[in-house]
Amino acid sequence: MFIRPKSLSSESKRELFSQGATRSTLKNNMRNFHSLSQLVLSAGPLKSTPAVKHAKTSHFEIEILDAQTRKQICIVDKVTQTSTIHDVKQKFHKECGPFLKDYVTIQSVAASSIVTLYFTDLGQQVFLAEYTGPLLIYLLFYLRIPYIYDMKESSRRMRHSVVHLACFCHCIHYIRYLLETLFVHRVSAGHTPLKNLIKGCAFYWGFTSWIAYYINHPRYTPPSFGNRQVMVSAINFLICEAGNHFINVVLAHPNHTGTNACFPSPNYNPFTWMFFLVSCPNYTYEIGSWISFTIMTQTLPVGIFTLLMSIQMSLWAQKKHKIYLKKFNSYMHRKSAMIPFIL
């Protein structure tokens, strides 16, 4: 029996067909892989789920120094890396008080785990600026420099004696302020913000300009009761200025031991006997000076300034009086705050 072998052509066709199918499958796989790789590249690298790490929070100790003496004021501890200068100020502000911006982070200024900050005080500079301005401003109006008053009218009208006396008293008042700020008052222990400098200068300089303009004006009229009113007021003004100075000296040196443990007590100086009646006699003498100056010059700007100063000082006196009552209750039960038997 003769078996007919399969034709070579049919077998070769099957092999070629299988090879073609295999090649087409490989091409499709390559195309799919290429498409998948393009998708991954466009989407970015695959991110794995980050593991939760409990990092240990580091703290800083911030040393606060005085900028002039380099003495340590305090140390603010337990300050984190993300804390800002504002956070440090919140802890430090209760004791003293700012020049770095509030948004500066501790990490940006820290070279180690201990951070050193320098505390500067503007207390004395503020008072010197507040008191130097009125002294110079008043003298400019007193000299009647051009562009302030009419020169022809100024040359025709003679000044009344109260104008010269008012200039003398005003200068004495602010010169005493400046000397006491430099040599008597202790203002370096506290901190005065920059905004207080602006407010204080605006208040004192503005009112001084208003007061000096009226008193030194060529059409200024003297007080109604003449020289008697002027002289009595001037004498009372000088007495209050002297009393204010002696009270400030006593407050700067409360007792012979040099401590602040006791309430300031009067001594042999009669000006200090006001301590028997009020707890803040420096404010009493201050208001007395400005009331005397108001009566002596008889001008509205001085009266308004005296009224505002009286209100402010009465608030300061009542605040200090409450503090004295807590510390020295046995000494203060018969005293008033600023005005004897009234306030």
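Residues numbered from 1 in each chain as written. Predicted model: local features only at pLDDT ≥ 70, side-chain atom pairs only at ≥ 80, totals over all residues. Heavy atoms only, no water.

Colleague: Hey, could you run me through the overall build of the protein in this one?
Modeller: Scanning the protein from N- to C-terminus turns up 11 helices and 3 strands. Listing the helices and strands of the protein from first to last along the sequence gives α-β-β-α-α-β-α-α-α-α-α-α-α-α. When each of the 343 residues of the protein is scored for burial, the buried share is 36%. For the protein, the computed accessible surface area is about 22800 Å², with 63% contributed by carbon and sulfur atoms. (Helix = DSSP H or I, 4+ residues; strand = E, 2+ residues; numbered from the N terminus. Buried < 20%, exposed > 50% of the residue type's maximum accessible area, 1.4 Å probe, protein only. Areas by Shrake-Rupley, 256 points an atom, 1.4 Å probe, with all protein chains shown as cover.)

Colleague: Just to check I follow, could you spell out the pattern of salt bridges for this structure?
Modeller: Applying the stated criterion to the full structure yields 3 salt bridges. Here Glu-180 ties to Arg-176 by a salt bridge, and the two come within 3.1 Å at their closest N and O atoms. Pair noted here: Glu-180 and Arg-176 are both in helix α6 (residues 161-183), with a separation of 4 residues, about one helical turn. A relative accessible area of 2% means that Glu-180 is categorised as buried. With a relative accessible area of 9%, Arg-176 lands in the buried category. For Glu-241, the salt bridge is made with Arg-176, and the minimal N-O distance between the two is 2.7 Å. Taken together, the residues Glu-241 in helix α8 (residues 226-252) and Arg-176 in helix α6 connect sequence positions 65 residues apart. Classification of Glu-241 by relative accessible area gives buried; the value is 4%. Among the charged side chains, a network of salt bridges with common partners joins Arg-176, Glu-180, Glu-241 and Glu-286. (Salt bridge = Lys/Arg side-chain N within 4 Å of Asp/Glu carboxyl O.)

Colleague: Looking at this structure, how should I read the nonpolar core?
Modeller: Soluble globular proteins tend to pack their nonpolar side chains together in the buried interior. In this structure, Tyr-138, Tyr-174, Ile-211, Ile-215, Phe-293, Met-296 and Phe-305 are the most contacted members of the largest nonpolar core, which totals 40 residues. The element best represented in this core is α6, accounting for 9 residues. Aside from chain neighbours lying at most four places away, what touches Ile-215 is Tyr-138, Val-163, Ala-166, Tyr-220, Phe-293, Thr-297, Thr-299 and Val-302. Ile-247, Met-274, Phe-275 and Tyr-285 belong to the second largest nonpolar core, which has 7 residues in total. (Core = buried A, V, L, I, M, F, W, Y, C linked by side-chain atoms within 4.5 Å. Contact = heavy atoms within 4.5 Å.)

Colleague: I'm lost on the packing of α6 against helix α9 (residues 281-297) in this one. Help?
Modeller: The relative placement of two packed helices comes down to the angle between their axes together with the axis-to-axis distance. Where α6 meets α9, the closest approach of the two axes is 10 Å, and the angle between their N-to-C directions is 165°. Considered as vectors, α6 and α9 are oriented roughly antiparallel to each other. When you trace α6 past α9, the crossing you get is left-handed. Facing Val-162, Leu-165, Ala-166, Cys-169, His-170, His-173, Tyr-174, Arg-176 and Tyr-177 of α6, the residues of α9 in contact are Glu-286, Trp-290, Phe-293, Met-296 and Thr-297. (Axes fitted to C-alpha atoms, helices over the stretch in contact; angles between N-to-C directions. Parallel < 35°, antiparallel > 145°, perpendicular 65-115°, else oblique. Left-handed = near helix turned anticlockwise from the far one by under 90°.)

Colleague: Looking at this structure, how should I read the environment of Tyr-324?
Modeller: Structurally, Tyr-324 can be placed in helix α10 (residues 300-327). What makes Tyr-324 buried here is its relative accessible area of 16%. Residues Tyr-324 and Cys-280, 44 residues apart in the sequence, show an inter-C-alpha distance of 10.0 Å.

Colleague: Would you mind going over the packing of aromatic side chains with me for this structure?
Modeller: Aromatic ring pairs are reported here in terms of the distance separating the ring centres and the angle at which the planes meet. Counted according to the given criterion, the structure contains 18 aromatic pairs. Their ring planes at 55° and their centres at 5.3 Å tell us that Phe-207 and Phe-305 sit as a pair that is tilted. With Phe-207 in helix α7 (residues 194-215) and Phe-305 in helix α10, the pair connects residues that are 98 residues apart, well separated along the chain. With relative accessibility at 14%, the residue Phe-207 sits in the buried group. (Phe/Tyr/Trp six-rings, centres within 6.5 Å; stacked < 30°, edge-to-face > 60°.)

Colleague: What's the story with the state of the cysteines in this structure? I'm lost.
Modeller: Disulfide: a covalent bond connecting the sulfur atoms of a pair of cysteines. One pass over the structure, following the stated rule, counts 0 disulfides. Of all cysteine sulfurs, the one in Cys-167 lies closest to Cys-169, which takes part in no disulfide; the gap is 9.4 Å. A relative accessible area of 1% means that Cys-169 is categorised as buried. (Disulfide = S-S within 2.5 Å.)

Colleague: Is there a simple way to think about the environment of Tyr-149 in this case?
Modeller: One can find Tyr-149 in the loop between α4 (123-142) and α5 (151-156). Note on Tyr-149: relative accessible area 7%, which makes it buried. In this structure, the C-alpha to C-alpha distance between Tyr-149 and Asn-216, residues 67 residues apart in sequence, is 9.3 Å. Non-local contacts of Tyr-149, meaning those with residues more than four positions away in its chain, are made with Phe-141, Arg-144, Ser-154, Ala-212, Tyr-213, Asn-216, His-217 and Pro-218.

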